[in-house]
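# Structure at a glance
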Amino acid sequence: MIVLGLEGTAWNLSAALVDERDVIAEDHSTYVPAKGGIHPREAAQHHAEHMAKVVRSVLSKAREMDRMPEAIAFSQGPGLGPCLRTVATAARALALRFDLPLVGVNHCIAHIEVGKWRTGSRDPAVLYVSGGNSQVLALRRGRYRIFGETLDISVGNALDKFARSVGLSHPGGPKIEELALCAKQYIPLPYTVKGMDFSFSGLSTAATEAARRHELADVCYSLQETAFAMLVEVTERAMAHAEKEEALLVGGVGANRRLGEMLNLMCWERGARFFLPDKGFMGDNGSMIAYTGLIMLKSGVVTPIEQSKVIPLYRPDDVEVTWA
Ligand code: AMP
Ligand code: MG
């Protein structure tokens, strides 16, 4: 089966074509804010302007290979309302135009499923860390249950906010990672884990304060160490509770080498296996939507047009996992 997937929950518009075995084609267009963070309406405008181009690009590749899509998948949520609506409109139009089934995909679940597909992980505790979300999840009794999550902003948002406050451009995560390599000392910052949940808002503000008195590299390093230690602590506890022998890291912040290193060490110490997808599958991408749509369809899930409304606060545990 071949599925065309559309992703555009936030900054990255991406279309992809996948079959059971691999990605056949993918193209994307990235919205870069002129200043500050992501502006939802501007991002949606960007997606609307570039939709035809990215869809045409993967369809022309499909035509060349004589492999046309048999279904349309799209990210139904969670995400920014205007962006979601733009993508859903395009997905409905394609499904109607080519008379193909439509599948609405939960964006968080797509990160997890593509991670499992690309790494061979079978039953992991998942750390999902991105610009919009930070969650620790594991599959139990037919759903991805959320064991822990942020009480305020996501870790990616905390990094980006801090970065902006010290004059670094969006997205800040990679720049912080780079600067942290030159650090000479750790500066204590607030470490906030409450039960299985974590909080990043105070940490981001404290880092901004600290940057007035300390070397920027030292603050970047300390911010990473503190935030990532919180995430690793909760992931480890979820593995113990849910009795998982694997950990999987997904989402844009997962591109950070230090975070991967810390999780890898935690897994090694408890005799578990750590899985890290290739960077291209970490941030938001169309392939993850196409692939998840494909396995959902094969398990019998279809989204009728009248049920294809976007869900900006769509939670992964709202979805019954019919394909496991
Ligand atoms: P996503 O929402 O999954 O597309 O991920 C975007 C987020 O990932 C943004 O907050 C980025 O700052 C963050 N990010 C990307 N690369 C890195 C990195 N190397 N280290 C930390 N954060 C990163
Ligand atoms: Mg994402």
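Procedures and definitions
- Residues numbered from 1 in each chain as written.
- Chains lettered and ligands numbered in written order.
- Predicted model: local features only at pLDDT ≥ 70, side-chain atom pairs only at ≥ 80, totals over all residues.
- Heavy atoms only, no water.
- Pairing = 2+ DSSP bridges.
- Helix = DSSP H or I, 4+ residues; strand = E, 2+ residues; numbered from the N terminus.
- Axes fitted to C-alpha atoms, helices over the stretch in contact; angles between N-to-C directions.
- Contact = heavy atoms within 4.5 Å.
- Domains from an automatic or database assignment.
- Buried area = accessible area lost by both parts, 1.4 Å probe.
- Polar contact = N/O pair within 3.5 Å; in protein donor to acceptor, adjacent residues only side chain to side chain.
- Nonpolar A, V, L, I, M, F, W, Y, C, P; charged D, E, K, R; others polar.
- Near = heavy atom within 4 Å.
- Areas by Shrake-Rupley, 256 points an atom, 1.4 Å probe, with all protein chains shown as cover.
- Parallel < 35°, antiparallel > 145°, perpendicular 65-115°, else oblique.
- Left-handed = near helix turned anticlockwise from the far one by under 90°.

## Digging into the sheet that holds strand β2 (residues 12–18)
- With mixed pairing, five strands are arranged side by side in an open sheet as β3-β2-β1-β4-β5. Each of the sheet's edge strands pairs with one partner strand only, and the pair in question is β3 (23–30) and β5 (102–106). In this sheet, neighbouring strand axes are inclined to one another by 20° on average, regardless of whether the strands run parallel or antiparallel.
- As judged from the five bridges shared by strand β1 (residues 3–7) and β2, these two strands associate in the antiparallel manner. Looking across to β2, one finds that Leu6 is bridged to Ala15.
- Where helix α2 (residues 81–98) meets the sheet, its contacts fall on β1, β2, β4 (71–77) and β5, and the angle it forms with β4 comes to roughly 160°.
- Most of the contacts of helix α3 (residues 107–119) go to β5, to which it runs at about 90°, and overall it touches β1, β2, β3, β4 and β5.

## Section: the domain arrangement of the chain
- Segmenting the chain into domains produces domain 1 (3–111 + 281–318) and domain 2 (123–278).
- Between the C-alpha centres of domain 1 and domain 2 the distance comes to 27 Å.
- At the junction of the two partners, domain 1 supplies 16 residues and domain 2 supplies 19 residues.
- For the pairing of domain 1 and domain 2, the buried interface totals around 1400 Å² over both sides, and the portion due to carbon and sulfur atoms is 63%.
- When the buried surface of domain 1 facing domain 2 is broken down by residue, His111, Met282 and Asp317 rank first, second and third, together holding 41% of it.
- The tally of links between domain 1 and domain 2 comes to six residue pairs in polar contact (both at pLDDT 80 or more).
- Within the side of domain 1 that touches domain 2, the residues separate by chemical class into eight nonpolar, five polar and three charged.

## Section: the site of ligand 1
- Taken together, 18 residues lie around ligand 1, and Trp11, Gly131, Asp160, Glu177 and Gly252 are the ones closest in.
- One of the side-chain N or O atoms of Glu177 is found 2.7 Å from a nitrogen atom in ligand 1.
- Residue Val253 places a main-chain N or O atom 3.4 Å away from an oxygen atom belonging to ligand 1.
- Bound to the protein, ligand 1 loses 91% of the 500 Å² it would expose on its own.
- Where the shell around ligand 1 is concerned, the elements lending two or more residues are α4 (155–165) and α5 (173–180).

## What to know about the packing of helix α1 (residues 40–64) against α2
- Contact pair α1 / α2: the axes reach a minimum separation of 8 Å and the direction vectors enclose 30°. With respect to α2, the axis of α1 lies roughly parallel. In the packing of α1 onto α2, the handedness of the crossing is right-handed. Taken together, the residues of α2 that come into contact with α1 (itself represented by Pro40, Arg41, Ala43, Ala44, His47, Ala48, Met51, Val55 and Leu59) are Pro82, Cys83, Thr86, Val87, Ala90, Leu94 and Phe98.
- By residue class, the composition of the contact of α1 with α2 is 13 nonpolar, two polar and one charged.

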